[in-house]
Amino acid sequence: MADIQKMVDQLDFLIKASQNYATNDNWSLDTRTPTDPLVLGNRIESAVERCALPGSSYLKQLETARRLPQPHRFHEVRHVAMGLRDDLVAGWYSSVVELVHAETYSDYLEMAEGLLDQGYKDPAAVITGTSLEVHVRSLCVKHGVDIEMPSGSPKKADTMNADLKKAGVYDGLQQKQITAWMDLRNKAAHGNYADYDQTQVRLFIEGVRAFMMKYPA
């Protein structure tokens, strides 16, 4: 996944940049506090906080490392970053990232459901359709399906939907259902509010939620 590769790249850069200080403790004996290793250490800590999931063992290890004096703190924080980087590269984090994405999408669908309950079917339909399109795009990334045209412009949702069917990610029936959902979203986005009702929007939300659970990205 593109997001995971960015995390790996960030951690790789900082781990390599800190290599000299990891093999030489002389900086810690200088009465004048050196700037570079301390700055690098802080940047590594921030990177771990950004890349690790809430409640993960990496954040717990980071908190333990922060209680150590220098240079032990620096070394331990660097080791935490290396472990996190290795797990990301090995793909052991992918399923957890999928769950985070699912939670994010679920929040938007709950927002849409709340709007619908208050009688605002049109913005509810737009939010649900946007969540669906983002999920379809994420499925393309996950399964190695291009999300850009040869010209470099982003593919439209219908094109990505067809490509996912061709790639065998889901069948033709699911493709047709997504096409119908996108049509409803387009009607809402273009102001054709009389072309659908509140019941259809509720079924839209429920259907997209079930789709995201069946095909996690």
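Look a little higher up for the structure.
Residues numbered from 1 in each chain as written. Predicted model: local features only at pLDDT ≥ 70, side-chain atom pairs only at ≥ 80, totals over all residues. Heavy atoms only, no water.

Trainee: Is there a simple way to explain the overall build of the protein in this structure?
Mentor: Broken down by element type, the protein carries 11 helices and 0 strands. The linear arrangement of helices and strands in the protein, starting from the amino end, is α-α-α-α-α-α-α-α-α-α-α. Among the 217 residues that make up the protein, the fraction classed as buried is 38%. Counting contacts in the protein only where the partners sit at least 6 residues apart, residues at least 24 apart contribute 66% of the total. (Helix = DSSP H or I, 4+ residues; strand = E, 2+ residues; numbered from the N terminus. Buried < 20%, exposed > 50% of the residue type's maximum accessible area, 1.4 Å probe, protein only. Contact = heavy atoms within 4.5 Å.)

Trainee: Is there a simple way to think about the environment of aspartate 146 in this case?
Mentor: Turning to its location among the elements, aspartate 146 is positioned in the loop between helix 8 (121-142) and helix 9 (157-166). Distance from aspartate 146 to leucine 164, taken between C-alpha atoms, is 9.7 Å for residues 18 residues apart in sequence. Not counting the four nearest positions on each side in its chain, aspartate 146 is found in contact with Lys155 and Asp163.

Trainee: Teacher, can you tell me more about helix 10 (residues 172-189) here?
Mentor: Structurally, the α-helix is built with 3.6 residues per turn, so residues lying three or four positions apart point the same way. Over its 18 residues, helix 10 runs 25 Å from end to end, which matches the ideal 26 Å to within 8%, given 1.5 Å per residue. Regarding helix 10, the residues found buried are Gln174, Gln175, Ile178, Trp181, Met182, Leu184, Arg185 and Ala188. Of the surrounding elements, those touching the buried residues of helix 10 are helix 8, helix 9 and helix 11 (198-214). N-capping of helix 10 is provided by aspartate 171, with a side-chain oxygen placed 3.2 Å from the backbone N of leucine 173. Glycine 191 lies just past helix 10 and shows a positive phi near 80°. (Expected span 1.5 Å × (residues − 1). Polar contact = N/O pair within 3.5 Å; in protein donor to acceptor, adjacent residues only side chain to side chain.)

Trainee: What exactly am I supposed to notice about the packing of helix 8 against helix 11 here?
Mentor: Any two packed helices are characterised by the angle at which their axes cross and by the distance between the axes. Two elements in contact, helix 8 and helix 11, have axes separated by 10 Å at closest approach and are oriented at 20°. In terms of orientation, helix 8 lies roughly parallel with respect to helix 11. The two elements helix 8 and helix 11 cross, and the hand of that crossing is left-handed. Residue-level contacts link Lys121, Ala124, Ala125, Thr128, Gly129, Ser131, Leu132, His135, Val136 and Leu139 of helix 8 to Gln198, Val201, Phe204, Ile205, Val208, Phe211 and Met212 of helix 11. For the contact of helix 8 with helix 11, the class distribution of residues is 11 nonpolar, 5 polar and 1 charged. (Axes fitted to C-alpha atoms, helices over the stretch in contact; angles between N-to-C directions. Parallel < 35°, antiparallel > 145°, perpendicular 65-115°, else oblique. Left-handed = near helix turned anticlockwise from the far one by under 90°. Nonpolar A, V, L, I, M, F, W, Y, C, P; charged D, E, K, R; others polar.)

Trainee: Got a minute to help me understand the nonpolar core in this structure?
Mentor: Note on soluble globular proteins: their nonpolar side chains tend to be buried together. Counting 29 residues, the largest nonpolar core has Leu132, Leu164, Tyr170, Val201 and Phe211 as the members making the most contacts within it. At the level of secondary structure, the elements contributing two or more residues to this core comprise helix 7 (94-117), helix 8, helix 9, helix 10 and helix 11. The next biggest cluster of nonpolar side chains, apart from the first, holds 21 residues, and it includes Val8, Leu14, Cys51 and Ala81. (Core = buried A, V, L, I, M, F, W, Y, C linked by side-chain atoms within 4.5 Å.)

Trainee: Can you walk me through unusual backbone geometry in this structure?
Mentor: Peptide bonds are mostly trans, and most non-glycine residues show a negative phi. Backbone torsion omega between glutamine 70 and proline 71 reads 5°, so that peptide bond is classified as cis. Locating proline 71 in the fold gives a position in the loop between helix 5 (57-65) and helix 6 (72-90).

Trainee: Help me understand the packing of aromatic side chains in this model?
Mentor: Any pair of aromatic rings gets described here by the distance separating the centres and the angle formed by the planes. Evaluated as defined, the whole model comprises 6 aromatic pairs. Plain terms: the ring middles of tryptophan 181 and phenylalanine 211 are 6.3 Å apart, the flat faces sit at 65° to each other, and that makes the pair edge-to-face. Placement of tryptophan 181 in helix 10 and of phenylalanine 211 in helix 11 is noted, with a sequence separation of 30 residues between them. Each of the two residues, tryptophan 181 as well as phenylalanine 211, counts as buried. Among the aromatic residues, ring-to-ring pairing joins Tyr170, Trp181, Phe204, Phe211 and Tyr215 into one connected group. The ring of tyrosine 196 has lysine 121 lying over it, and the distance from NZ or CZ to the ring centre is 3.9 Å. (Phe/Tyr/Trp six-rings, centres within 6.5 Å; stacked < 30°, edge-to-face > 60°. Lys NZ or Arg CZ within 6 Å of the ring centre and 35° of its normal.)

Trainee: Quick question: what am I supposed to make of the packing of helix 8 against helix 10 here?
Mentor: Contact pair helix 8 / helix 10: the axes reach a minimum separation of 8 Å and the direction vectors enclose 135°. Compared by their axis directions, helix 8 and helix 10 come out oblique. As helix 8 packs across helix 10, the resulting crossing turns out to be left-handed. Contacts between helix 8 and helix 10 involve Asp122, Ala125, Val126, Gly129, Thr130, Leu132, Glu133 and Val136 on the former and, on the latter, Ile178, Trp181, Met182, Leu184, Arg185, Ala188 and Ala189. Looking at side-chain class alone, the contact of helix 8 with helix 10 contains 10 nonpolar, 2 polar and 3 charged residues.

That is the geometry; function is a separate question.
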